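# Overview (structure and organization)
So you can see what is in the structure, the chains are spelled out below.
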Amino acid sequence: MSGRARRVLVYTATLLIAPLPLMPFERGMREFVWAVLACGVILSAGSFYAARGEWRVKPRMLVGTKLLAASAITYLFGVGLVAWSLVWLMRS
């Protein structure tokens with residue numbers, strides 16, 4: 001398995017697994033904030049792995065550029081979820 005195929009597999013698994021901690025909780029529960037934190041950590045970790053791996057590849061084809069852009073956006077979204085949940089936990 002090539003490096004890009006492994007990164008695509010990890011990134012796809014991250015996108016599929018990340019929302020699983022949220023499923024048993026509803027909004028407004030204290031456990032929901034912890035589940036959002038877990039979701040953000042999973043998204044950030046998988047996206048960082050894919051983005052870091054694609055950043056190191058030179059020269060990058062169009063597919064690699066798209067994977068890099070998508071994983072960078074998802075990484076920022078995951079970091080935002082972590083920050084939101086930490087701020088919410090500090091307020092409570």
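A few points on the structure.

Definitions and limits used
Residues numbered from 1 in each chain as written. Predicted model: local features only at pLDDT ≥ 70, side-chain atom pairs only at ≥ 80, totals over all residues. Heavy atoms only, no water. Core = buried A, V, L, I, M, F, W, Y, C linked by side-chain atoms within 4.5 Å. Buried < 20%, exposed > 50% of the residue type's maximum accessible area, 1.4 Å probe, protein only. Contact = heavy atoms within 4.5 Å. Salt bridge = Lys/Arg side-chain N within 4 Å of Asp/Glu carboxyl O. Helix = DSSP H or I, 4+ residues; strand = E, 2+ residues; numbered from the N terminus. Patch = residues over 30% accessible without salt bridge, like charges linked within 9 Å, V, L, I, M, F, W, Y side chains within 5 Å. Areas by Shrake-Rupley, 256 points an atom, 1.4 Å probe, with all protein chains shown as cover. Axes fitted to C-alpha atoms, helices over the stretch in contact; angles between N-to-C directions. Parallel < 35°, antiparallel > 145°, perpendicular 65-115°, else oblique. Left-handed = near helix turned anticlockwise from the far one by under 90°. Expected span 1.5 Å × (residues − 1). Arc of directions from axis to C-beta.

## Side note on the nonpolar core
Counting residues in each nonpolar core, the largest one holds 6 residues, listed as A18, F32, V36, C39, L43 and L81. For L43, the contacting residues outside a window of four places in its chain are T14, L15, A18, T74, F77, G78 and L81.

## Quick word on the pattern of salt bridges
This model, assessed by the stated rule, comprises 2 salt bridges. The partner of E54 in a salt bridge is R4, with the nearest N and O atoms 3.0 Å apart. You can see E54 sitting in helix α2 (residues 30–56) and its partner R4 sitting in helix α1 (residues 3–17), a full 50 residues away along the chain. For E54, a relative accessible area of 0% gives the class buried. Where E54 meets R7, a salt bridge forms, and the shortest distance between an N and an O atom there is 2.9 Å.

## Focus: a nonpolar patch on the surface
Residues L16, I17, L20 and M23 make up a contiguous nonpolar surface patch of about 430 Å² in total accessible area. By the secondary structure assignment, I17 is in helix α1.

## Considering the packing of α2 against helix α3 (residues 62–91)
Put simply, α2 and α3 touch, their axes get as near as 7 Å, and they point 155 degrees apart. Between α2 and α3, the angle is such that the two are roughly antiparallel. Relative to α3, α2 is oriented so that their crossing is left-handed.

## What to know about α1
Quick reminder: α-helices carry 3.6 residues per turn. Residues three or four places apart thus point the same way. The end-to-end C-alpha separation of α1 is 21 Å, in line with the 21 Å expected for 15 residues at 1.5 Å each. Where α1 is concerned, the buried positions are R7, Y11 and T14. Along α1, the residues classed as buried sweep out an arc of 60 degrees about the axis, all on the same side. The exposed residues of α1 that point more than 90 degrees off its buried face are L9 and L16. Next to the buried residues of α1 lie α2 and α3.

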